[in-house]
Amino acid sequence: MKSGDWGREIPEISATELKAILDEGGAVALVDVREDFEREIADLPEVGQKRIPLAGLPQRISELDRERPLVLYCRSGSRSGLATAALHDLGFTNVRNLKGGLLAWKEEVDPSIRAY
């Protein structure tokens, strides 16, 4: 876990752990909180993730399943960390931030992903 605002702990998952869950067909739902243009540069493998930019999250919260484990991601884990904390504040109990975001995925799982 990493410390967020006011010393709060934000639940995290590593890229390696997420890859193992996806490979096993785990029931995790991914939520990409980056801007649309960023997906054109680099992205995780397509697994039906939701595309909800951070600024639009409050208006689209109803699109998220509170019962399903969620993993939020962005480029470096910063924006998705904010989103993870916000969802926890709204009563989501099974949500984690992809530690290090796409940059960690590139480092730990798939070096062919383009860094930006």
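Everything below is about the structure shown above.
The structure reproduced in this document is the subject of the present report. Source: prediction; values computed, not measured.

Topic: the overall build of the protein chain
Across its full length, the protein chain carries 5 helices and 7 strands. Shown N-terminal to C-terminal, the secondary structure of the protein chain runs as helices and strands in the order β-β-β-α-β-α-β-α-β-α-β-α. The C-alpha radius of gyration computed for the protein chain amounts to 13 Å, which stays within 12% of the reference 13 Å derived for 116 residues, consistent with globular compactness. Along the three orthogonal principal directions, the C-alpha set of the protein chain runs to about 35 × 30 × 25 Å. Counting across all 116 residues of the protein chain, residues that qualify as buried make up 39%. Look at the contacts in the protein chain between residues 6 or more apart in sequence, and 63% of them connect residues 24 or more apart. For the protein chain, the exposed surface amounts to about 6,200 Å²; the carbon and sulfur share of it is 51%.

Observations regarding the sheet that holds strand S4 (residues 29-32)
In space, the 5 strands of this open sheet follow the order S3-S7-S6-S4-S5, with parallel pairing throughout. Edge positions in the sheet fall to strand S3 (12-13) and strand S5 (50-51), since each has one partner strand and no second. Here 2 bridges tie S3 to strand S7 (residues 95-98), and the two strands are oriented parallel to one another. Within S7, the residue paired with Glu 12 across the bridge is Asn 97.

Looking at the pairing of S4
What you see with S4 is no split at all: Ala 29 and Val 31 on one side and Leu 30 and Asp 32 on the other are buried throughout. When S4 meets strand S6 (residues 70-73), the two strands line up parallel, connected through 4 bridges. Bridge pairing in S6 links Asp 32 to Tyr 73. One ladder, built from 2 bridges, connects S4 with S5; its direction is parallel. Paired with Val 31 across the strands is Lys 50, a residue of S5. A crossover connection joins S4 to the parallel S5 through helix H2 (residues 36-41); in handedness this β-α-β unit is right-handed.

Definitions and limits used
Residues numbered from 1 in each chain as written. Predicted model: local features only at pLDDT ≥ 70, side-chain atom pairs only at ≥ 80, totals over all residues. Heavy atoms only, no water. Helix = DSSP H or I, 4+ residues; strand = E, 2+ residues; numbered from the N terminus. Rg over C-alpha atoms; globule rule 2.2 N^0.38 Å. Buried < 20%, exposed > 50% of the residue type's maximum accessible area, 1.4 Å probe, protein only. Contact = heavy atoms within 4.5 Å. Areas by Shrake-Rupley, 256 points an atom, 1.4 Å probe, with all protein chains shown as cover. Pairing = 2+ DSSP bridges. Right-handed = clockwise from strand over helix to strand, strands pointing away.

These figures come from the coordinates and say nothing about function on their own.
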